[in-house]
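Take a look at the letters that make up each chain.
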Amino acid sequence: MSTDRNLIQLVTPAGERISHPEFDPWVKDIGDEQLCSLYEDLTVIRRIDVEATALQRQGELGLWPPLLGQEAAQVGSGRALRDDDFVFSSYRENGVAYCRGVDLTDITRVWRGTASSGWDPYSVNMATPQIIIGAQTLHATGYAMGIQNDGADSVAVTYFGDGATSEGDVNEAMVFAASFQAPVVFFCSNNHWAISEPVRLQSHIQIADRATGFGIPSLRVDGNDVLAVMAATRVALDRARHGGGPTFIEAVTYRMGPHTTADDPTRYRDANELEDWAAKDPILRIKALLERKGLLTDQVQQHVHDKAESVAREIRSGCIGMPDPEPMDIFKHVYSEPNSWLDRQQDHYARYLASFGDPAGATSEEGAR
Amino acid sequence: MTQMTFARAINSGLRKSLENDPKVILMGEDIGTLGGVFRVTDGLQKDFGTHRVVDTPLAESAIMGTAVGLAYRGYRPVVEIQFDGFIYPAFDQIVSQVAKLHYRTQGAVKMPITIRVPFGGGIGSPEHHSESPEAYFTHTSGLRVVSVSNPQDAHTVIQQAILSDDPVLYFEPKRRYHDKGEVDEGIDPRTALPMDSARVVTEGTDVTLVAYGPLVKTAKDAATAAADEGISIEVIDLRSLAPVDYATVEASVRKTGRLVVTHEAGQSGGLGAEVAASITERCFYHLETAPVRITGFDIPYPYSKLEMHHLPGLDRILDGVDRALGRPNSLSGLEG
Ligand SMILES: Cc1ncc(C[n+]2csc(CCOP(=O)(O)OP(=O)(O)O)c2C)c(N)n1
């Protein structure tokens with residue numbers, strides 16, 4: 001049964017900085033300015049999420065997977081990475097994408113339905129987000145094996161949920177990572193739910209302990225504590241960079257919103273649970289810390305607010321201003337070299353569209369004849 | 001007779017199967033408390049308990065593999081794959097185990113497993129949520145593959161699939177889940193039209209138009225539109241994709257002399273190719289023109305803003321009908 005490992009925590013929900021001899025040294029460079037900057041990131045990411053959710057409600061996005069409540073897990077880890085580290089994430093890591101420098105409009109592209117991939121992975125060292133649960137953990141492990149072969153000291157980092165740990169792929173990824181001592185960090189955001197299924201359905205023991213069985217050392221960190229997440233991620237990255245192989249991090253957090261904008265959590269989730277977690281909100285926590293330290297000046301507040309609002313405006317105008325793709329775009333990039341079957345279909349479809357004398361053709365189910 | 005949605009009709013069929021046979025057991029992700037992401041299993045766990053309607057961990061290979069074990073033990077598992085694109089982690093269990101165990105054990109072991117797969121596009125979803133993977137399964141011996149197109153069939157055929165001693169893939173056209181229709185819940189699945197029979201949906205004399213699942217409605221609409229132009233289309237709902245009821249299609253083509261097949265899945269190696277070839281073999285001397293396929297393109301399912309270009313709509317189907325009839329069409333003047 002559960003070994004009930006304690007969480008690594010550096011800041012309490014009340015915003016009190018508590019000492020942790022093992023992990024403090026890993027964030028000793030985080031001074032007042034950096035703390036304010038982390039607060040800014042958390043706030044901006046929440047604002048992005050709120051704006052995107054609104055865009056979905058207004059019909060501008062087809063779907064959106066909110067990350068409300070998971071900001072600290074994403075920022076704490078995302079800000080710990082080096083530019084040449086490579087991220088393989090799920091669909092929910094928009095906060096990580098922001099930290100990687102992904103263009104804000106690009107974040108919405110996939111959800112608006114104008115592209116299958118919002119950005120060029122090599123431009124930000126972050127793979128296109130994965131919808132097939134857990135598949136990306138194998139990709140990260142393979143990428144890490146490549147890093148290892150190349151003798152480089154960068155790290156592959158993969159993000160996934162608690163539900164994902166049930167998939168074969170994730171378990172096979174851990175086998176490979178351990179066998180080859182690949183420089184990969186498994187970052188599990190345990191947000192307690194896989195759509196309607198509670199984490200206890202996926203695992204009888206704490207998620208962090210699963211890795212142990214594969215011979216992978218693991219850390220269990222308070223995922224709503226941005227400093228603690230940063231410290232844990234730095235430990236794992238450092239280990240990987242120095243030949244220590246994979247590390248598994250379980251960031252214990254909570255998905256405060258629905259699974260996606262198509263989901264209705266009131267069907268399966270107790271409101272009290274949400275209340276308990278709202279009290280551990282990652283942003284309120286760092287805000288309280290800043291307050292205690294006398295850092296939460298009007299100036300800081302104003303700056304953070306302005307930044308969040310301008311980012312929100314940027315994401316909205318970028319999303320709404322995105323041109324619709326051209327019909328014939330559907331044939332692009334299926335292959336990198338010509339394919340005679342597809343060429344023929346493409347030619348026929350072009351003729352078909354032309355037969356309407358209107359490039360958009362007739363594409364509704366009802367038809368135009 | 002009751003008016004009900006497609007999703008409700010499946011729910012009612014599942015309920016009857018659970019009531020009639022204690023060995024029927026439902027398994028899948030989110031099917032219990034939530035009632036499935038499409039609410040197809042809504043209320044069933046509440047009424048039949050967590051042992052009959054099982055919320056499983058998030059692991060498709062495990063869902064399918066444990067269904068095999070349950071079948072060995074005499075159960076009749078009905079598993080739900082949440083979306084078409086998530087069936088692939090279970091692919092190995094389906095094609096290597098579920099499909100072959102009866103053969104490998106010379107009939108000693110039965111695999112009466114029903115695999116429910118919401119499939120097809122047209123609902124504006126992200127990637128992996130709109131695929132039509134049926135050809136992978138129709139190509140695998142040992143599996144039966146069906147796809148329903150209306151609430152009544154949805155209700156009856158799910159019960160027939162569960163009653164069948166063979167494994168059945170039951171493809172549900174997710175974009176029709178909310179369509180309503182008359183359902184007679186009193187129909188006995190044992191005496192109803194067997195699930196491996198096709199059905200003539202609309203009678204006609206000029207062209208045979210074969211469709212299944214989500215495109216049956218589009219094909220019917222095309223037939224209505226064509227009638228305005230004086231063209232008489234006979235629409236056939238295949239219902240069973242493996243085996244295909246060629247007798248029904250053959251009888252129609254002997255009458256019309258022309259065949260158009262439509263599906264959302266890509267063209268190459270798809271079911272349309274199989275139907276066209278088989279009908280050509282069987283009715284060569286009755287065909288006036290080569291069979292025409294109106295299908296999705298050989299591309300990954302595209303992002304939602306362009307999915308209506310990939311999916312065969314009414315106009316593309318009518319253009320294909322024009323081709324079969326030798327009327328002016330978008331490919332007029334082209335050879336082959
Ligand atoms: C292979 C596969 N099966 C099912 C799904 C449908 N699905 C999408 S998200 C999800 C739950 C994922 O839960 P978890 O791994 O905990 O991540 P979270 O969404 O909570 O971040 C499911 C079942 C999928 N995308 N891929």
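Residues numbered from 1 in each chain as written. Chains lettered and ligands numbered in written order. Predicted model: local features only at pLDDT ≥ 70, side-chain atom pairs only at ≥ 80, totals over all residues. Heavy atoms only, no water.

## Section: the overall build of chain B
Okay, so step 1: For chain B, the count of helices and strands is 12 helices and 14 strands.
Okay, so step 2: For 336 residues, the compact-globule estimate of 2.2 N^0.38 gives 20 Å, and chain B sits close to it at 20 Å.
Okay, so step 3: Here chain B holds 336 residues, and the buried ones make up 61% of them.
Okay, so step 4: Counted over contacts in chain B with a minimum sequence separation of 6, partners at least 24 positions apart contribute 81%.
Okay, so step 5: Surface accessibility of chain B: about 12300 Å² in total, with carbon and sulfur atoms responsible for 50%. (Helix = DSSP H or I, 4+ residues; strand = E, 2+ residues; numbered from the N terminus. Rg over C-alpha atoms; globule rule 2.2 N^0.38 Å. Buried < 20%, exposed > 50% of the residue type's maximum accessible area, 1.4 Å probe, protein only. Contact = heavy atoms within 4.5 Å. Areas by Shrake-Rupley, 256 points an atom, 1.4 Å probe, with all protein chains shown as cover.)

## Comments concerning the sheet that holds strand 10 (residues 207–211) of chain B
Residue and element names in this part refer to chain B.
Okay, so step 1: As summarised here, the arrangement of the five strands in space is 9-11-10-13-14, forming an open sheet in which the pairing is mixed. One side of each edge strand has no neighbouring strand; the edge strands of this open sheet are strand 9 (199–202) and strand 14 (292–296). Neighbour-to-neighbour, the strand axes of this sheet turn through a mean angle of 25°, independent of strand direction.
Okay, so step 2: By the bridge criterion, five bridges tie strand 10 to strand 11 (residues 233–237) in an arrangement that is parallel. Paired with V210 across the two strands is I236, which belongs to strand 11.
Okay, so step 3: Contacting strand 10, strand 11, strand 13 (259–266) and strand 14, helix 12 (residues 314–325) runs over the sheet at an angle of about 165° to strand 14. (Pairing = 2+ DSSP bridges. Axes fitted to C-alpha atoms, helices over the stretch in contact; angles between N-to-C directions.)

## A short note on the site of the ligand
Okay, so step 1: Looking at the ligand, there are 20 residues lining it, with Y91, R92, G163 and W193 of chain A together with E60 of chain B nearest.
Okay, so step 2: Chain contributions to the surroundings of the ligand come from chains A and B.
Okay, so step 3: Contacts to the ligand include A164 of chain A, whose backbone N or O atom sits 2.9 Å from an oxygen atom.
Okay, so step 4: The contact in question runs from a nitrogen atom of the ligand to an N or O atom on the side chain of E60 of chain B, over 2.5 Å.
Okay, so step 5: Within the complex, the protein chains bury 96% of what would otherwise be the 580 Å² of accessible surface of the ligand.
Okay, so step 6: Tallied by class, residues from the shell around the ligand come to 10 nonpolar, five polar and five charged. (Near = heavy atom within 4 Å. Polar contact = N/O pair within 3.5 Å; in protein donor to acceptor, adjacent residues only side chain to side chain. Nonpolar A, V, L, I, M, F, W, Y, C, P; charged D, E, K, R; others polar.)

## A word on the packing of helix 8 (residues 215–228) of chain B against helix 12 of chain B
Residue and element names in this part refer to chain B.
Okay, so step 1: Across the interface, helix 8 lies against helix 12 with an axial gap of 9 Å and an inter-helix angle of 60°. Judged on the interaxial angle alone, helix 12 and helix 8 are oblique. Taken as a pair, helix 8 and helix 12 cross one another with a handedness that is right-handed. In contact with T218, D221, A222, A225 and A226 of helix 8, helix 12 contributes L314, I317 and L318.
Okay, so step 2: Taken together, the residues of the contact of helix 8 with helix 12 break down into six nonpolar, one polar and one charged. (Parallel < 35°, antiparallel > 145°, perpendicular 65-115°, else oblique. Left-handed = near helix turned anticlockwise from the far one by under 90°.)

## Let's talk about the environment of Y177 of chain B
All names here are of chain B.
Okay, so step 1: For Y177, the position within the fold is in the loop between strand 7 (168–173) and strand 8 (180–183).
Okay, so step 2: Residues Y177 and I115, 62 residues apart in the sequence, show an inter-C-alpha distance of 17 Å.
Okay, so step 3: Setting aside residues up to four positions removed in sequence, Y177 forms contacts with T5, F6, A7, I10, F38, V40, R116, P118 and E172.

## Examining the interface of chain A and chain B
Okay, so step 1: Contacts between chain A and chain B engage 55 residues on the former and 51 residues on the latter.
Okay, so step 2: The interface formed by chain A and chain B includes two salt bridges.
Okay, so step 3: A salt bridge links D42 of chain B to R267 of chain A, with the shortest nitrogen-to-oxygen separation between them at 2.7 Å.
Okay, so step 4: Connecting chain A to chain B are 11 residue pairs in polar contact (both at pLDDT 80 or more).
Okay, so step 5: Top contributing element to the side of chain A that touches chain B by residue count: helix 14 (residues 340–354) of chain A, with 10 residues.
Okay, so step 6: Here the residues of the side of chain A that touches chain B are counted per class, giving 26 nonpolar, 14 polar and 15 charged. (Salt bridge = Lys/Arg side-chain N within 4 Å of Asp/Glu carboxyl O.)

## Considerations on the domain arrangement of chain B
Residue and element names in this part refer to chain B.
Okay, so step 1: Split by domain assignment, chain B resolves into domain 1 (2–183) and domain 2 (199–325).
Okay, so step 2: Domain 1 and domain 2 are separated by 26 Å when their C-alpha centres are compared.
Okay, so step 3: Listed per partner, the contact involves 26 residues of domain 1 and 23 residues of domain 2.
Okay, so step 4: Between domain 1 and domain 2 the total buried area reaches about 1900 Å² when both faces are included, carbon and sulfur atoms providing 51% of it.
Okay, so step 5: Contact with domain 2 buries area across many residues of domain 1, yet S147, R175 and R176 alone supply 24% of it, more than any other trio.
Okay, so step 6: On the surface where domain 1 and domain 2 come into contact, there are three salt bridges.
Okay, so step 7: The partner of R239 in a salt bridge is D153, with the nearest N and O atoms 2.8 Å apart.
Okay, so step 8: Here domain 1 is connected to domain 2 by 14 residue pairs in polar contact (both at pLDDT 80 or more).
Okay, so step 9: Contributions of two or more residues to the side of domain 1 that touches domain 2 are made by helix 6 (134–138), strand 6 (144–147) and helix 7 (151–163).
Okay, so step 10: A per-element tally of the side of domain 1 that touches domain 2 places strand 6 first, with four residues.
Okay, so step 11: Looking at the side of domain 1 that touches domain 2 residue by residue, the class counts come to nine nonpolar, 11 polar and six charged. (Domains from an automatic or database assignment. Buried area = accessible area lost by both parts, 1.4 Å probe.)

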